[in-house]
Each structure stands twice: as structure tokens, then as C-alpha cells.
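Structure at a glance
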Amino acid sequence: MLYYCIFARMNSANIAATKELLSEPQKIVIIPHKNPDGDAIGSTLALWHYFMNSGQEAVIVSPNDFPKFLKWMPGNEQIINFESKNQQAKAALEAATLIFTLDFNHFGRTGQLAPILENSEAKFIMIDHHQEPSDYAIVTYSDVSMSSTCEMIFNFISYIDTTDKITPEMANCIYTGIMTDTGSFKFRSTTSQTHAIVAQLIDKGADNMAIHSHIYDTNSPSRLHLLGCALNNMVILNEYHTAYITLSQAELDKYNYQKGDTEGFVNYGLTLDGIRFAVIFIENKEEGIIKISFRSVGDFSVNAFARTHFNGGGHDNAAGGRSDISLSETTEKFVSLLPSYQQQLNT
Ligand code: 5GP
Ligand code: MN
């Protein structure tokens, strides 16, 4: 079968350096960002399977737990959660000679792992598609045009080896990350190349129908009721083409919030005609913060907005951030910022 082969390249020096490192036995640790999503878990698992099949020693250490809707993924039970298996995670990190950081590009995104990574003697390889990578890796494969880190893992394996090594387990993991990070193949970052890779993944054994159903058809009644509450709370500011949602800790508790339950809620704002900027503010009393998700359509950069005002970042059309003031103070601050963006939001 013929497929497109125009990969966004990892440069040849990086490919050679990676191959040389992997020609020796390494103690590899693979790390996703905190609160890992489908792309973070999909990419770390795919790479882990690849190393296990290549005779390298590898483990995945996650900064914290991941949502139940990802807990069917092949190999997920091997992931060492730094919070619940702290000693095992620390021992793996101490022994590491080579650390892959996937789907993030500065140590701050790993929460409690950050100080350990900063002091590690291991060599780092970064594979990531977020903007403004920091400079900690000896190999930085960073491409902000990529739909997902999973798409980059497919390319990475093609550069350092051959995609013939992609097993059905790996194909399922990679497909999941591409699907979740592209909003099921509809975001702007979805290219013909993304679809060409997805086609190959299906041929390699990705069960696309089963994956969709695992991720999207596992609602609990309480999650749907929480969604009802979120939609009810939505504030629509037509003059700024903006819609925002709040969820207080009391509301989360009332609807028995489980990790991952609010995934995707922010996108509902963008389904309104004329709305270009959608935000969700979620109170987390335990951490004493408001976690914020920003989404946009078109040229308004939520990465810049999140970086400038809410200690965050991400991509042009999807970013996250946080605030240390109360929920109501946070939304007041947010609304007070909008007039200075009115022109950008109007075009
Ligand atoms: P989400 O809103 O789904 O948590 O994240 C949207 C995008 O922004 C993801 O690519 C995520 O990795 C990134 N992101 C989320 N929170 C933060 C943050 O606090 N800092 C940075 N730099 N990126 C974030
Ligand atoms: Mn991603």
C-alpha cells in the first residue's frame, strides 16, 4: 500500500545521537506530564512497548494517577505512579541512565518530579509538540506543528528503526493519543500526514471502533449530571466572543467528581455560534488552586494568554494554566482582561 512519507523531520544529528545511545544497554525511564491525558499515556506506553520488544530495560514513571477511561490501554498496569509507589518510582529515577520526557517540555509540568529531574545525572531525550521548549535534553525532538506526541512517536520509530516494529499494542496506544489530542481528527493540527499515519496504525492492528468506545462511551450518570451543572454555569460574553464555565469544589463533590470527569467540558463553549474563546475554571481545594483550560478557534493564541496571565501555556488553540486566588476572584480577573483583547477576539 502507498502512503505519504513527508515526515516533519527530526534532524540527522539527533537521529545519530539517539541511535548511538540506544546501541548500548540503558536503564530507561519514560515520563509523561502531570495529570496525563490520552496523548501522554499513549506515547509513553507505545515507546515503553518498543523498548521492551528491543531488549532495553524501561519503566514509565507518572507524576500522578491518570483517568479511568485510559485504564484499558495495553501495558497501563505497568505505569509506576510517583504518588502511590513513591519508593519504586524514586529507585527507578535514581538508577536511570536515559530519561525520555514525553508530551511536555519543561520540568515544571511534572509537579513533584521536577526537583528530581533537575538533579538527575541521566541523559534526557525530549519528544514533544508544545511551544517554547526548555533546554535540558541532549536530544530535543520538538515540533509544534505536530497533532500530538503520539504522531511524533510514530515518526521517531521510523527514524531510529522501522515502523515494522509497531505491534498491535503500540498501534492502539499511538492511535489513542492522536485521536484524543486532535479532538477525533478535527483540530487544525490534523494534517493529511496525520491521517496517513492513522491509516497505517489501523493496518497494524489499532482497533479504532473499540478505542473510540473505551474513551468516549464510558460516562457515569454522575459525570453527565456534572456536565449539566457545568453547562448551566456557562457565562456567554458575546461582545468578546467568549464563553466560560466555572465548577466549584462543592459542585464537584455534589456530583461525585472522579479524575477525568471534566475532560472535554471546555469545548462546549466553542460549539456556540460566534464564540472563539472558551474557558473552564475548576476549583481544586486540596491543591489550593483553580485549574484553567483555554480553547480557541482561529488566530487568537491561548498559549500566549495563558502564559501571560495564568502561569500556563500549551498550544495556540489549546492551553492550560492555574490561579492561586479564589474562584470568583479568578473569573473577575479573567473578565477584566478581556477588553484589552477585544480587537484580537473580534477578528
Ligand atoms: P488542558 O487544558 O487539556 O489541561 O491542556 C491543554 C494543553 O495545554 C495541553 O497540551 C497541555 O499539555 C497544556 N497545558 C495544560 N496545563 C498547562 C500548564 O499549566 N502549563 C503549560 N505550559 N501547559 C499546560
Ligand atoms: Mn499532546
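Preceding this section is the structure that the text describes.
Residues numbered from 1 in each chain as written. Chains lettered and ligands numbered in written order. Predicted model: local features only at pLDDT ≥ 70, side-chain atom pairs only at ≥ 80, totals over all residues. Heavy atoms only, no water.

1. Things to note about the coordination of the manganese ion (ligand 2)
- Distances from the manganese ion (ligand 2) to its protein donors, namely Asp39 (OD), Asp103 (OD), His129 (NE2) and Asp181 (OD), fall within the range 2.1 to 2.4 Å.
- All donors to the manganese ion (ligand 2) come from one chain, and their sequence spacing reads D-x63-D-x25-H-x51-D. Of the two residues, Asp103 sits in the loop between strand 4 (98–102) and helix 4 (114–118) while His129 sits in the loop between strand 5 (123–128) and strand 6 (139–142), which places them 26 residues apart along the sequence.
- Overall, the relative accessible area of 1% leaves Asp103 in the buried class.
- Residue His129 is classed as buried on the basis of its relative accessible area, which comes to 2%. (Donors = N, O, S within 2.8 Å, 3.2 Å for Na, K, Ca; no water. Helix = DSSP H or I, 4+ residues; strand = E, 2+ residues; numbered from the N terminus. Buried < 20%, exposed > 50% of the residue type's maximum accessible area, 1.4 Å probe, protein only.)

2. With respect to the sheet that holds strand 4
- The sheet built from six strands is open, its strands ordered 3-2-1-4-5-6 with parallel pairing. Either end of the sheet is taken by a strand with one partner, and the two such strands are strand 3 (80–81) and strand 6.
- Where strand 5 lies against strand 6, four bridges are found, and the strand directions are parallel. Within strand 6, the position partnered with Ile125 by the bridge is Val139. (Pairing = 2+ DSSP bridges.)

3. Topic: the packing of helix 6 (residues 168–181) against helix 8 (residues 208–216)
- It is at 10 Å that the axes of helix 6 and helix 8 come closest, and there the two elements cross at 55 degrees. Classed by the angle they form, the pair helix 6 and helix 8 counts as oblique. Between helix 6 and helix 8 the crossing geometry is right-handed. When helix 6 is examined against helix 8, the residues Asn172, Tyr175, Thr176, Met179 and Thr180 are found in contact with a partner set consisting of Asn208, Ile211, His212, Ile215 and Tyr216.
- Class assignment for the residues of the contact of helix 6 with helix 8 results in five nonpolar, five polar and no charged. (Axes fitted to C-alpha atoms, helices over the stretch in contact; angles between N-to-C directions. Parallel < 35°, antiparallel > 145°, perpendicular 65-115°, else oblique. Left-handed = near helix turned anticlockwise from the far one by under 90°. Contact = heavy atoms within 4.5 Å. Nonpolar A, V, L, I, M, F, W, Y, C, P; charged D, E, K, R; others polar.)

4. A closer look at the sheet that holds strand 10 (residues 289–296)
- Strands sit in the order 7-8-9-10-12-11 across an open sheet of six strands; the sheet is mixed. Only two strands of the sheet have a single partner each, and these edge strands are strand 7 (235–237) and strand 11 (313–314).
- Bridge count for strand 9 (residues 277–284) against strand 10 is eight bridges, and the pairing is antiparallel. Paired with Phe281 across the two strands is Ile292, which belongs to strand 10.

Purely geometric numbers; function is a separate question.
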